[in-house]
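Observations on the model geometry
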Amino acid sequence: MDILKTKNMTKSFGGVVANKDLSLTIEEGKITAFIGPNGSGKTTFINVVTGVHPITSGEIFFQDKEISKYESNQISRLGIARTFQKIRLFDNLSVIENVLVARKSFYKSGPISVVFNTKKFREEERQNKEKALELLDLVGLKDKAYESPKGMAYGLRRCLEIARALALEPKLLFLDEPAAGMTRDEFKVIMDLMLVLRERGITTVLVEHTMDFIKAVADWVYVLNFGEIIAKGPFDEIEKDPVVLKAYLGEE
Ligand SMILES: Nc1ncnc2c1ncn2[C@@H]1O[C@H](COP(=O)(O)OP(=O)(O)OP(=O)(O)O)[C@@H](O)[C@H]1O
Ligand SMILES: [Mg+2]
C-alpha cells in the first residue's frame, strides 16, 4: 500500500527547478530515504509535500486523496508531521513543555473548562503529560524533561524536535537530516527510534547524508540529482550504482 504518491511534481524557484517531474510512491509502514548531493532538491521535496512551499505543477496524493493545494496546517491535520533541517524549538520553555505545546491540537476541552479547571480538563492534562513523557523516553530525553533545551547538545535538541513531531501522532513522518551533528551515541538513539516507529506502523521519510544510517534503517532509497530521481532501490543496490557514484563524485 502506498501512503503517499506524487505525479510529475515540479517545484521551481525563479529559474531554479528544485524538483523536476517527480513521480514516486512512499510505501506505508516503511522507511524511505532520500539521498543526493547538496542542492539536489531533498528538502524542497519535503517542503512541497508538507505545504511549506506551493507546488509549481503536478499532483500529490496522501492515502489516495489529492493534497497538492493543501496548506501546511491542513496537511498536519491529516497526520503528516515533519522536522526541519534547521532546528526549531522554544528555548524559553522546558523540554516537556515543548512537546506539550506541539500536542495542543489534541486538547479537546473548551476555554470554559480550562478557566474553571474542570475535572475533564485536569484529566486531559494528565494524559497529555503522560504521553509527552513517553515520547521523551522514546527519544532518550525523559531525564531532561524539566530542563531548558537552550544550550543542550545539538543532538539532544534534534531528538526533542523529533519528539515534538511525534506528539502530533502522525501516520507519516518526514525527518530532514535527523542525524546531522550528532555524536555516535545520539545517532544510535535515533537509529533505534526509527525501528521502533516502523514497528508501530508509522511511515518515515528520511533525508540524510550519513550513509551508515541509511544502510541500517532504510527499506527503500530514492537518489536525487539536480531535482530529478536518478536511481531508486534498496541501499545495497544503490551504493554500487555507477550513476549514483558519478553524481556524488561529480566526475565525468
Ligand atoms: N526558498 C527557496 N528559494 C529559492 N531557491 C531555493 C529555495 N529553497 C531551495 N532552493 C533551491 O533549490 C535547490 C534545491 O535545494 P534543497 O534545499 O531542496 O536541496 P537539498 O537537497 O535539501 O540540499 P542539502 O543537502 O544541502 O540540504 C537549490 O538550488 C536551492 O538553492
Ligand atoms: Mg536539505
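An account of the accompanying structure is given in this report. (Residues numbered from 1 in each chain as written. Chains lettered and ligands numbered in written order. Predicted model: local features only at pLDDT ≥ 70, side-chain atom pairs only at ≥ 80, totals over all residues. Heavy atoms only, no water.)

Quick word on the pairing of strand β1 (residues 2–13)
With eight bridges connecting them, β1 and strand β2 (residues 16–27) associate as antiparallel partners. Across the sheet, Phe 13 pairs through a bridge with Val 16, a residue of β2. Connecting β1 to the antiparallel partner β2 that follows it, the hairpin turn spans two residues, and Gly 14 within it adopts a positive phi of roughly 60 degrees. Summarising the sheet, β1 and strand β4 (residues 57–62) pair through five bridges and their orientation is antiparallel. Paired with Thr 10 across the bridge in β4 is Ser 57. (Pairing = 2+ DSSP bridges. Helix = DSSP H or I, 4+ residues; strand = E, 2+ residues; numbered from the N terminus.)

Concerning the site of ligand 1
Taken together, 15 residues surround ligand 1, and among them Gly 39, Lys 42, Thr 43, Thr 44 and Gln 85 come closest. Here an oxygen atom of ligand 1 sits 2.8 Å away from a polar atom, N or O, in the side chain of Thr 43. Here an oxygen atom of ligand 1 sits 2.9 Å away from a polar atom, N or O, in the side chain of Gln 85. Residue assignment for the shell around ligand 1 shows that the elements contributing at least two residues are β2 and α1 (42–49). (Near = heavy atom within 4 Å. Polar contact = N/O pair within 3.5 Å; in protein donor to acceptor, adjacent residues only side chain to side chain.)

Things to note about the sheet that holds strand β8 (residues 203–207)
Two strands in a sheet stick together by hydrogen bonds in their backbones, pointing the same way (parallel) or opposite ways (antiparallel). The strand order β6-β7-β8-β3-β9-β10 describes an open sheet built from six strands, whose pairing is mixed. For this open sheet the edge positions go to β6 (80–82) and β10 (228–233), each flanked by a neighbour on one side alone. In this sheet, neighbouring strand axes are inclined to one another by 20 degrees on average, regardless of whether the strands run parallel or antiparallel. Bridge analysis of strand β7 (residues 172–176) against β8 gives five bridges, and the strand direction is parallel. Looking at β8, one finds that Leu 173 is bridged to Thr 204. α1 contacts β3 (31–35), β6, β7, β8 and β9 (220–225) of the sheet and is inclined by roughly 145 degrees relative to β7. Running over the sheet, helix α10 (residues 242–249) touches β3, β9 and β10 and is turned about 130 degrees from β10. (Axes fitted to C-alpha atoms, helices over the stretch in contact; angles between N-to-C directions. Contact = heavy atoms within 4.5 Å.)

Quick word on the nonpolar core
Of all hydrophobic cores here, the largest spans 48 residues; its most connected members are Leu 136, Met 194, Phe 213 and Val 221. Ranked by residues supplied to this core, first place goes to helix α6 (residues 154–166) with seven residues. In contact with Val 221, other than residues within four places in its own chain, are Ala 33, Ile 35, Ile 214, Ala 231, Lys 232, Gly 233, Phe 235 and Ile 238. Residues Leu 24, Val 48, Ile 60 and Ile 67 belong to the second largest nonpolar core, which totals 24 residues. (Core = buried A, V, L, I, M, F, W, Y, C linked by side-chain atoms within 4.5 Å. Buried < 20%, exposed > 50% of the residue type's maximum accessible area, 1.4 Å probe, protein only.)

Looking at the environment of Ile 238
By the element assignment, Ile 238 lies in helix α9 (residues 235–238). A C-alpha to C-alpha distance of 8.6 Å links Ile 238 and Tyr 222, two positions 16 residues apart in sequence. If near-sequence neighbours (up to four positions away) are discounted, Ile 238 is found in contact with Ile 35, Val 221, Val 223, Ala 231, Lys 232, Gly 233 and Val 244.

Describing the packing of helix α3 (residues 95–102) against helix α5 (residues 119–138)
When two helices pack together, their arrangement is given by the angle between the helix axes and by the axis-to-axis distance. At their nearest, the axes of α3 and α5 sit 9 Å apart, and the two run at 115 degrees to each other. Judged by the sense of rotation from one axis to the other, the crossing of α3 with α5 is right-handed. Contacts from Val 95, Ile 96, Val 99 and Leu 100 in α3 reach Asn 128, Lys 129, Ala 132, Leu 133, Leu 135 and Leu 136 in α5. Of the residues in the contact of α3 with α5, the class split is eight nonpolar, one polar and one charged. (Left-handed = near helix turned anticlockwise from the far one by under 90°. Nonpolar A, V, L, I, M, F, W, Y, C, P; charged D, E, K, R; others polar.)

Remarks on the coordination of the magnesium ion (ligand 2)
Around the magnesium ion (ligand 2), the protein contributes the donor atoms Thr 43 (OG1) and Gln 85 (OE1), which lie 1.9 to 2.3 Å from the metal centre. Placement of the pair is Thr 43 in helix α1 and Gln 85 in the loop between β6 and α3, with a sequence separation of 42 residues. Take Thr 43: its relative accessible area is 23%, and that puts it in the partly exposed class. (Donors = N, O, S within 2.8 Å, 3.2 Å for Na, K, Ca; no water.)

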